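Architecture and fold: a report
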Amino acid sequence: MKILAYGIREDEKPFVKEWEQENPEVEVEITDKLLDEETVAMAKGFDGVVVYQQKPYTDAVFEKLDSYGIHNVSLRNVGVDNMNPATVKKYGFKVTNVPVYSPAAIAEFSVTQLMNLLRRTKEYFHKFERGDFRWAPQISQELNQQTVGVIGTGHIGRVAIDIYKGFGAKVIAYDVYHNPELEKEGLYVDTLDELYAKATVVTLHIPLFPSTEHMLNKVAFDKMRDGVFIVNASRGPLIDEQALINALDSGKVAGAALDVLEDETKVFNHNMVGKNMTYPEFWNLNSRENVLISPHTAFYTNIAVQNMVKFSLSANKDLIETGTSDKLVKFD
Ligand code: COI
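All figures in this text were calculated on a predicted structure; none of them were measured in a lab.

1. What about empty space enclosed by the protein?
Summed over the entire model, instances satisfying the criterion amount to one cavity of 30 Å³ or more. In this model, the largest cavity occupies a volume close to 40 Å³. What lines the largest cavity is Val78, Pro99, Tyr101, Ser102, Pro103, Ile106 and Ile156. Across the lining of the largest cavity, the residue classes break down as six nonpolar, one polar and no charged.

The following block contains the structure:
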């Protein structure tokens, strides 16, 4: 059995090695190249491929894999939004993801960034660098005083809720699927409008679907409380960036922590030092003292990376051996 793992970074290599030692019957080859139309030919002769990349998996790539008789594709991440479901189904691909690699990694990061917003650390750092050690006017807010509106109560949202409760914040939640435990606690509101009307913080923990694209738009921001804080460590296109810029200008939004951006794939995880970066919304948002942008780093911990590598290799092995996996993605 032979698996080719694309896009393997230095920090992933030790975990690939460990997995190989635990699964000596499987031959794993790695490449640092991403899976695209130029590199797909490398997969010839393999039984499955393991991938992670933020750029799209094009239809042409799937066509080629199909022509090599390869139909087992395992993602090292959770999001499948850069894959065309129609193409996956057309060629009979079996795709797995890693739905749970470390919910805490993302939840902890999003809470950390909210704390940074509330305590105005970006402003303090900038003042400090200039030698200005005064407190005022950066008086801060306390987390325990917030009503945190958590949108999405899957694995990550639930860990975030536990952390927020630990800090003494009031939590309200919205999801189309209700978690029975949270239901018992009475955390759910019935509508997003109700959440927008009550929350002093809105934090997103949902996937990107056509139905959730730009869910935070002008209409949504208008329904929120004045001075609301926004946290997004899920997917950039959930927020209409221009609408967010307008809401920051008007003061409707007091601050935003964005680990993801609408058009991030061309810049995040690339070394942009000395390079021209044409992304006006990025420059606008990043220039603000009340906006924290990070390059999709919430997931990036030792535990998460280890699980992403090992779980995806095991899922690919399961697909090859048994034709299925408990991590099979159901494309509707
Ligand atoms: C995902 O798992 O889908 C993520 O968003 C993390 C990714 C940057 C590796």
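2. Points about the pairing of strand 6 (residues 147-151)
With five of five residues buried, strand 6 lies mostly within the body of the structure. Neither face of strand 6 is exposed, since Thr147, Gly149 and Ile151 on one face and Val148 and Val150 on the opposite face are all buried. Each parallel crossover has a hand, and for strand 6 linked through helix 6 (residues 155-166) to strand 7 (residues 170-174) it is right-handed. Relative to strand 8 (residues 201-204), strand 6 is paired through four bridges, and the arrangement is parallel. Opposite valine 148, over in strand 8, you have valine 201 as the bridge partner.

3. Considering the packing of helix 4 (residues 103-118) against helix 6
Axis separation between helix 4 and helix 6 bottoms out at 8 Å; the angle between their running directions is 50°. The angle between helix 4 and helix 6 falls in the class oblique. The crossing of helix 4 and helix 6 is right-handed. Only His155, Ile156, Val159, Ala160, Ile163 and Tyr164 of helix 6 make contact with helix 4, whose side of the interface consists of Pro103, Ala104, Ile106, Ala107, Glu108, Ser110, Val111 and Leu114. Tallied by class, residues from the contact of helix 4 with helix 6 come to 11 nonpolar, two polar and one charged.

4. Digging into the confidence of the model for the protein chain
Taken as a whole, the protein chain shows an average pLDDT of 97; of its residues, 100% reach a score of 70 or greater. Predicted confidence in the protein chain is weakest over helix 3 (residues 85-90), with a mean pLDDT of 95, and strongest over strand 8, with 99.

Definitions and limits used
- Residues numbered from 1 in each chain as written.
- Predicted model: local features only at pLDDT ≥ 70, side-chain atom pairs only at ≥ 80, totals over all residues.
- Heavy atoms only, no water.
- 1 Å grid on protein atoms, 1.4 Å probe; cavity = no way out; pocket = protein on both sides within 12 Å on 5 of 7 lines; lining within 4 Å.
- Points joined across faces, edges and corners; volume = space filled by probe spheres on them.
- Nonpolar A, V, L, I, M, F, W, Y, C, P; charged D, E, K, R; others polar.
- Buried < 20%, exposed > 50% of the residue type's maximum accessible area, 1.4 Å probe, protein only.
- Helix = DSSP H or I, 4+ residues; strand = E, 2+ residues; numbered from the N terminus.
- Right-handed = clockwise from strand over helix to strand, strands pointing away.
- Pairing = 2+ DSSP bridges.
- Axes fitted to C-alpha atoms, helices over the stretch in contact; angles between N-to-C directions.
- Parallel < 35°, antiparallel > 145°, perpendicular 65-115°, else oblique.
- Left-handed = near helix turned anticlockwise from the far one by under 90°.
- Contact = heavy atoms within 4.5 Å.
- pLDDT = per-residue confidence, 0-100.

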